[in-house]
Amino acid sequence: MVTLANAMAADLLPEVTRGGMLTLAGVPALADAAGGGATTFEAEHRGRRLAGVRRTLRDGGCAWYVRDVTEERARTDALLAERSRTAFLARAGSRLGLSLHREQTLRTSVTLAVPYLADAAVVVHRPPPPAPADAGPHWVRFADGDSAPVTGNGPAELPGSVPGLAEALDGERTDASPWLDAELADLGHVLPADFGRPGTVLVTTMLGAGGATGALILVRRPGRAGFDQRDVDVVREFAARAGAALATADLHGEQTHLARVLQTSLLPPELPEIPGVSLAGGYRAAGDSLRIGGDFYDVSATADGGTFALGDVCGKGVGAAVLTGRVRQSLQTLRLVERRPLELMALLNRALFDAPGAARRNQFTTLLLGTLTVEPDGALWLCVAGGGHPSPLVVGVDGAVRPAVVGGMPVGALSAARFVETRIRLAPGELLLAYTDGVTEARGGPGVLEMFGEARLRQALASGAGLPPRAMIDRMLQLVDEWLDGQSQDDIAMLAIAPASTRPGARP
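Since the model is a prediction, treat every value here as computed from it, not as a measurement.

Observations concerning the overall build of the protein
- When you go through the protein residue by residue, the secondary structure sums to 14 helices and 21 strands.
- Expressed as a percentage of the 508 residues in the protein, the buried residues total 44%.
- Long-range pairs, those at least 24 residues apart, make up 60% of the contacts in the protein between residues at least 6 apart in sequence.
- Carbon together with sulfur atoms contributes 53% to the accessible area of the protein, which is approximately 25200 Å² in total.

In structure tokens form, the structure reads like this:
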């Protein structure tokens, strides 16, 4: 029986009156707590959130203290909701930042939005170049219950059939607003056939640094609450992050395409067939991203034999690759007027030194240029000009390794640079290895990092005496890779040359 109810109790619980039975009062949560012996309760009553606690009194009775916690719970719920939104955006940003592939970014954008933001998410986007300008819109969809995102091509009239979609695709920075009572026919091209009638639809633009990258359509079923202003703010922030990720993926795609074109033009070419000459080349770029660098080799067939070049331009990466392309193109052009190695190197030096900005860029290359002539007895004569490059090594039939000293100055560094020319005779069974300093300067080993060095190079060549050029190159690349054991490396290029005829007993 209620013996006392103060003024605040009367205001919060007018159903509870002095002299009445608490279990019969019109406050179900309080009545259930009192009848069941509970010591606390919390419930909605007359539009307010109330929390009560029971305390035992000295005379054997009890007192129920009831507090209005509406604002307190609202603040707590708002804080939890804000934490949830912040966690969602952080997770979305992390996931979106992991992909640099356009299609993967689109799929991630729609899967992240479901079910947190909506029951179905659709990204409508224009296909990137080289698609024609009048190509219809593409879309990617993911709905609650789908096992994986679905892609498709929308009809040309799709942007006009959904209110706000055309404006969002044009990148208009209008305030996102819910679209209520959407008809299935308006979204039938992009929603699952069994989705049913859409309830609330929200359309917003996806902006990147260069403008709109697409539009995000979020659809909630009729039984789910619509988008309030906080939802709209979260959707706008999510769409901005997705748009930025998609723009980054597009930029990465363009750079990858350009790198692939550059790589195709700069990777060492297939070696030609030269009668009487056995050839093999090996190449490793510093890093695995572009697979192009500053080391190169090139071989051309001529009427009386062939010509070859092996060089190492200063620097590494894209800058070195660009200079590599310039050197190789210049050599191809200059060979039309001059094939003698020493004279050709002087012409190349003049061409590189006179290039606009060459002195400011401090770009030069070390280089070996040579000609190949097959003798009637099967021997091979090489005329080699040196431009500051490591001397090639000759492997004899007995395993002895000797350098073919050429010397000279780097090409493109000085207008009056001096170069040296030497002649080398390779008997059947002998082999010449030209290499760049990425081989000898490769740092690795079982203990403290140290350079591979010329001594190990000579030892490896001596132990492989009699191997044909292809096998020798493969052996050297394997030894260097094992020495590096995953450590970073400089660019590496090698060219092995030998007479096609071999001595009796030579390894095949």
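Here we look at unusual backbone geometry
- Look at the link from Val114 to Pro115: it is a cis peptide, with omega at 5 degrees.
- Mapped onto the secondary structure, Pro115 falls in the loop between helix H4 (102-113) and strand S4 (120-125).
- Positive phi, close to 55 degrees, is recorded for Arg46, a residue that is not glycine.
- If you trace the backbone, Arg46 turns up in the loop between strand S1 (40-45) and strand S2 (48-56).

A closer look at the side chain of Arg335
- Within the secondary structure, Arg335 is located in the loop between helix H9 (317-334) and helix H10 (341-353).
- Although Arg335 is buried, it makes no salt bridge; Asp298 carries the closest opposite charge, 4.3 Å away.
- Here Arg335 is in contact with Asp298, Ser300, Thr307, Phe308, Ala309 and Leu344, once residues within four sequence places are set aside.

Overview of the packing of helix H13 (residues 453-463) against helix H14 (residues 469-484)
- Put simply, H13 and H14 touch, their axes get as near as 11 Å, and they point 140 degrees apart. In terms of their interaxial angle, H13 and H14 are classed as oblique. Two packed elements cross with a definite hand, and for H13 against H14 that hand is right-handed. Residues Arg456, Leu457, Ala460, Leu461 and Ser463 of H13 form the contact with H14, whose participating residues are Met472, Arg475, Met476, Leu479 and Trp483.
- Per-class residue counts for the contact of H13 with H14 are seven nonpolar, one polar and two charged.

Regarding the sheet that holds strand S21 (residues 492-499)
- The antiparallel open sheet is built from five strands, whose spatial order is S10-S21-S18-S15-S16. Only two strands of the sheet have a single neighbouring strand rather than two, namely strand S10 (277-284) and strand S16 (401-403). Geometrically, the sheet is characterised by an average inter-axis angle of 20 degrees between neighbouring strands, direction not taken into account.
- Running over the sheet, H13 touches strand S15 (393-395), S16 and strand S18 (431-435) and is turned about 25 degrees from S15.

Details of helix H3 (residues 70-98)
- Counted at 1.5 Å a residue, the expected span for H3 with its 29 residues is 42 Å, and the 42 Å between its end C-alpha atoms agrees.
- Turning to H3, its buried residues are Thr70, Arg85, Phe88, Leu89, Ala92 and Leu96.

Looking at the sheet that holds strand S13 (residues 365-374)
- With antiparallel pairing, the five strands of this open sheet are ordered in space as S11-S12-S13-S14-S17. Every other strand in the sheet has two partners, leaving strand S11 (295-302) and strand S17 (420-426) as the edge strands with one partner each. Each strand axis lies, on average, 15 degrees off the axis of its neighbour in the sheet, ignoring direction.
- Two strands pair when backbone bridges link them, and strand S12 (residues 305-313) and S13 are joined in this way by eight bridges, in the antiparallel orientation. Residue pairing across strands places Phe308 opposite Gly370, the latter belonging to S13.
- Here H10 sits on the sheet in contact with S13, strand S14 (380-387) and S17, set at roughly 150 degrees to S13.

Structural notes on the pattern of salt bridges
- Applying the stated criterion across every chain yields a total of 23 salt bridges.
- Between Asp231 and Arg220 there is a salt bridge, and its shortest N-O distance comes to 3.5 Å. With a gap of 11 residues between them, Asp231 in helix H8 (residues 229-266) and Arg220 in strand S9 (residues 211-220) connect regions that are remote in the sequence.
- A salt bridge links Arg470 to Asp474, with the nearest nitrogen and oxygen atoms 3.2 Å apart. One end of the pair, Arg470, and the other, Asp474, are both in helix H14, four residues apart, so they sit about a helical turn from each other.
- We classify Arg470 as partly exposed; its relative accessible area is 40%.

Quick notes on the nonpolar core
- Counting residues in hydrophobic clusters, the biggest one holds 28 residues, and the most contacted among them are Leu117, Met206, Leu216, Leu218 and Phe238.
- The set of elements that each furnish at least two residues to this core consists of H3, H4, S4, strand S5 (138-143), strand S8 (200-208), S9 and H8.
- Per-element accounting of this core gives the leading share, eight residues, to H8.
- Apart from residues lying up to four places away in sequence, Phe238 is in contact with Phe88, Leu89, Ala92, Leu96, Ser109, Leu112, Ala113, Leu117 and Leu216.
- By size, the runner-up hydrophobic cluster in this structure holds 26 residues, among which are Ala442, Leu457, Leu461 and Leu477.

Here is what the cut-offs are and how they apply
Residues numbered from 1 in each chain as written. Predicted model: local features only at pLDDT ≥ 70, side-chain atom pairs only at ≥ 80, totals over all residues. Heavy atoms only, no water. Helix = DSSP H or I, 4+ residues; strand = E, 2+ residues; numbered from the N terminus. Buried < 20%, exposed > 50% of the residue type's maximum accessible area, 1.4 Å probe, protein only. Contact = heavy atoms within 4.5 Å. Areas by Shrake-Rupley, 256 points an atom, 1.4 Å probe, with all protein chains shown as cover. Lys, Arg positive; Asp, Glu negative; His and termini not counted. Salt bridge = Lys/Arg side-chain N within 4 Å of Asp/Glu carboxyl O. Axes fitted to C-alpha atoms, helices over the stretch in contact; angles between N-to-C directions. Parallel < 35°, antiparallel > 145°, perpendicular 65-115°, else oblique. Left-handed = near helix turned anticlockwise from the far one by under 90°. Nonpolar A, V, L, I, M, F, W, Y, C, P; charged D, E, K, R; others polar. Pairing = 2+ DSSP bridges. Expected span 1.5 Å × (residues − 1). Core = buried A, V, L, I, M, F, W, Y, C linked by side-chain atoms within 4.5 Å.

All quantities given are derived from atomic positions and should not be read as evidence of function.
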